[in-house]
Amino acid sequence: MDLILWRHAEAENNSDDLARKLTNKGQQQAKLSAQWLQQHLPDHYQVYCSEAVRTQQTASYLKQPVSINKLLNPDSHPLTLATFLQQQPPSTTQVWIGHQPWIGHFCAYLLNGSWSPQQFWSVKKSAFWWFDVRFYQQRHQTRLKVALLPSVLK
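Given the structure is predicted, the values throughout are model-derived calculations rather than measurements.

Peer 1: In this structure, what is going on with the pattern of salt bridges? I would like to understand it.
Peer 2: Pairs can form between side chains of opposite charge once their charged atoms are near each other. Under the criterion given, the structure shown has six salt bridges. Taking the shortest distance from any N to any O, the salt bridge between Lys25 and Glu10 comes out at 4.0 Å. Of this pair, Lys25 sits in helix H1 (residues 24-40) while Glu10 sits in the loop between strand E1 (2-7) and H1; the two residues are 15 residues apart in sequence, bridging distant segments of the chain. Between Asp132 and Arg143 there is a salt bridge whose closest N-O contact spans 3.3 Å. You can see Asp132 sitting in strand E5 (residues 128-136) and its partner Arg143 sitting in strand E6 (residues 139-148), a full 11 residues away along the chain. Relative accessible area serves as the criterion here: at 9%, Asp132 is assigned to the buried category.

Peer 1: Honestly, helix H2 (residues 53-60) in this entry has me stumped. Any pointers?
Peer 2: Along an α-helix, residues three or four positions apart point the same way, because every turn accommodates 3.6 residues. Along H2, the residues that are buried comprise Arg54, Thr55, Thr58 and Ala59. Buried residues of H2, viewed axially, fall in a sector of 140°; they line one side. Residues of H2 that are buried make contact with E1, H1, strand E2 (46-49), strand E3 (66-68) and strand E4 (93-98).

Peer 1: I would appreciate a short explanation of the nonpolar core in the present structure.
Peer 2: Soluble globular proteins tend to pack their nonpolar side chains together in the buried interior. Residues Leu3, Leu5, Leu85, Trp96, Phe106 and Leu110 are the most contacted members of the largest nonpolar core, which totals 21 residues. Listed by contribution, the elements that provide at least two residues to this core are E1, helix H3 (78-86), helix H4 (102-112) and E5. The element contributing the most residues to this core is H4, with six residues. For Leu3, the contacting residues outside a window of four places in its chain are Leu85, Gln94, Trp96, Phe106, Leu110, Trp129, Trp130, Phe131 and Val133. Ranked by size, the runner-up nonpolar core spans 16 residues in total, among them Trp6, Val47, Ala59 and Ile97.

Peer 1: Sorry, what's going on with the state of the cysteines here?
Peer 2: Where two cysteines share a covalent bond between their sulfur atoms, that bond is called a disulfide. Across all of its chains, the model carries zero disulfides by this definition. Counting only cysteine sulfurs, Cys107 is the nearest neighbor of Cys49, a cysteine outside any disulfide, at a range of 17 Å. For Cys49, a relative accessible area of 0% gives the class buried.

Peer 1: Is there a simple way to explain H1 in this structure?
Peer 2: When the terminal C-alpha atoms of H1 are compared, their 25 Å separation across 17 residues agrees well with the 24 Å that a helix rising 1.5 Å per residue should span. For H1, the complete set of buried residues consists of Gly26, Gln29, Ala30, Ser33, Ala34, Trp36 and Leu37. Taken down its axis, H1 places every buried residue within 165° of arc, on the same side. Residues of H1 that are exposed and point over 90 degrees away from its buried face: Asn24 and Gln39.

Reading the values: rules and limits
- Residues numbered from 1 in each chain as written.
- Predicted model: local features only at pLDDT ≥ 70, side-chain atom pairs only at ≥ 80, totals over all residues.
- Heavy atoms only, no water.
- Salt bridge = Lys/Arg side-chain N within 4 Å of Asp/Glu carboxyl O.
- Helix = DSSP H or I, 4+ residues; strand = E, 2+ residues; numbered from the N terminus.
- Buried < 20%, exposed > 50% of the residue type's maximum accessible area, 1.4 Å probe, protein only.
- Arc of directions from axis to C-beta.
- Contact = heavy atoms within 4.5 Å.
- Core = buried A, V, L, I, M, F, W, Y, C linked by side-chain atoms within 4.5 Å.
- Disulfide = S-S within 2.5 Å.
- Expected span 1.5 Å × (residues − 1).

Structure representation (C-alpha cells):
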C-alpha cells in the first residue's frame, strides 16, 4: 500500500488543543502541499485525519471525503497505528493527516523496521512522507518514495 503521512500545517496557539485552527501561513502551507499531492496521487485514495480542527482544515485542501479517526489524535501511540496499518487493504493509497510526535516516531518505525521510543524524526509542519509499505508474514517492509516540505514546493 501507499501511505502518505502528512503533518498538519501551522496552527494558532490555543489552550484547547483539538480546537486550534490553521493560521494564514498554515493555510498557504496546506494549499502548497495539497497541490503537489493532487498532481501525484492516484484517482482513488482515502484520507484520514484526527479529531483536531487543524488536521481537518489541512485535509480540506485535498478536496476529497475525509474520515476522522481518533487514532490519529495528538496523543496517539505509534504502535497503535502500526496495528491499524496492518488492518488496511494492501492495494490502497491512504493519506493520514496528524501530529508530532507520533508522525516522527511512526516514520522511524516504518523505515527502521522496529519500535524504539528513542527513534524519532523531525517532521516539519505541512510536510509529508510518502511510503510504499508491504507486509510479509506479519512484518512490514517499507520504502520511502518522497518526503517534501511546503517551502520546497513554492
